[in-house]
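The lines below spell out each chain.
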Amino acid sequence: MNDKNTPELNSTVASSLVNTALLSALIPKLAERALLTEEDTFGIYDDALLALEKMAANAANEDMRALYGEARKIIEDALSLTPRRNQR
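As the structure is a computational prediction, the values presented were derived from the model and not from experiment.

### Quick word on the overall build of the chain
Alright, step 1. Per the secondary structure count, the chain includes four helices and zero strands.
Alright, step 2. If you sum the accessible surface of the chain, you get close to 6,700 Å²; carbon and sulfur atoms cover 58% of it.

What follows is the structure, encoded as structure tokens:
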């Protein structure tokens, strides 16, 4: 990867971190308040994994595919904590 940090890159990364933090807090909170079922929660994580697979398949280079792989691991870890996944 290019080691140059540009304001645009920093802004994009910061925005992504904000989105990630908000969603990772929101999904369990909605489930905790029974606004999402366990099935809904599982489905959200599962759909996110599928979206990452599609993005990785279209990635411009190996560095980008590696980033999608890292993102996938984070979601898989969260998914492993859902009750439905633990029952498998």
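### Concerning the nonpolar core
Alright, step 1. Among the nonpolar cores identified, the biggest contains eight residues, and these are Ile27, Leu36, Phe42, Tyr45, Leu49, Leu52, Ile75 and Leu79.
Alright, step 2. Counting residues per element, the ones that place at least two in this core are helix H2 (38-57) and helix H3 (62-79).
Alright, step 3. Per-element tally for this core: the top contributor is H2, with four residues.

### Considering the pattern of salt bridges
Alright, step 1. For the coordinates displayed, the defined rule picks out five salt bridges.
Alright, step 2. In this structure, the salt-bridge partner of Glu62 is Arg65, at a minimum N-O distance of 3.2 Å. With Glu62 and Arg65 both in helix H3 and three residues apart, the pair spans about one turn of that helix.
Alright, step 3. Residue Glu62 is classed as exposed on the basis of its relative accessible area of 53%.
Alright, step 4. Classification of Arg65 by relative accessible area gives partly exposed; the value is 32%.
Alright, step 5. In this structure, Glu76 engages Arg72 in a salt bridge whose closest nitrogen and oxygen atoms are separated by 3.0 Å. Note that Glu76 and Arg72 are positioned in helix H3 at a spacing of four residues, about one turn of the helix.

### Concerning a nonpolar patch on the surface
Alright, step 1. On the surface, a cluster of nonpolar side chains totalling about 260 Å² of accessible area is made up of Leu9, Val13 and Leu17.
Alright, step 2. Tracing the chain through its elements places Leu17 in helix H1 (residues 7-32).
Alright, step 3. Exposure remark for Leu17: the relative accessible area of 55% places this residue in the exposed category.

### Re the packing of H1 against H2
Alright, step 1. Remark: H1 packs on H2, axes separated minimally by 9 Å, with the N-to-C direction vectors making an angle of 160 degrees. In terms of axis orientation, H1 runs roughly antiparallel to H2. The interaxial crossing formed by H1 with H2 has right-handed handedness. Each of Ile27, Pro28 and Ala31 in H1 lies in contact with H2, whose residues at this interface are Thr41, Ile44 and Tyr45.
Alright, step 2. Taken together, the residues of the contact of H1 with H2 break down into five nonpolar, one polar and no charged.

Definitions and limits used
- Residues numbered from 1 in each chain as written.
- Predicted model: local features only at pLDDT ≥ 70, side-chain atom pairs only at ≥ 80, totals over all residues.
- Heavy atoms only, no water.
- Helix = DSSP H or I, 4+ residues; strand = E, 2+ residues; numbered from the N terminus.
- Areas by Shrake-Rupley, 256 points an atom, 1.4 Å probe, with all protein chains shown as cover.
- Core = buried A, V, L, I, M, F, W, Y, C linked by side-chain atoms within 4.5 Å.
- Buried < 20%, exposed > 50% of the residue type's maximum accessible area, 1.4 Å probe, protein only.
- Salt bridge = Lys/Arg side-chain N within 4 Å of Asp/Glu carboxyl O.
- Patch = residues over 30% accessible without salt bridge, like charges linked within 9 Å, V, L, I, M, F, W, Y side chains within 5 Å.
- Axes fitted to C-alpha atoms, helices over the stretch in contact; angles between N-to-C directions.
- Parallel < 35°, antiparallel > 145°, perpendicular 65-115°, else oblique.
- Left-handed = near helix turned anticlockwise from the far one by under 90°.
- Contact = heavy atoms within 4.5 Å.
- Nonpolar A, V, L, I, M, F, W, Y, C, P; charged D, E, K, R; others polar.

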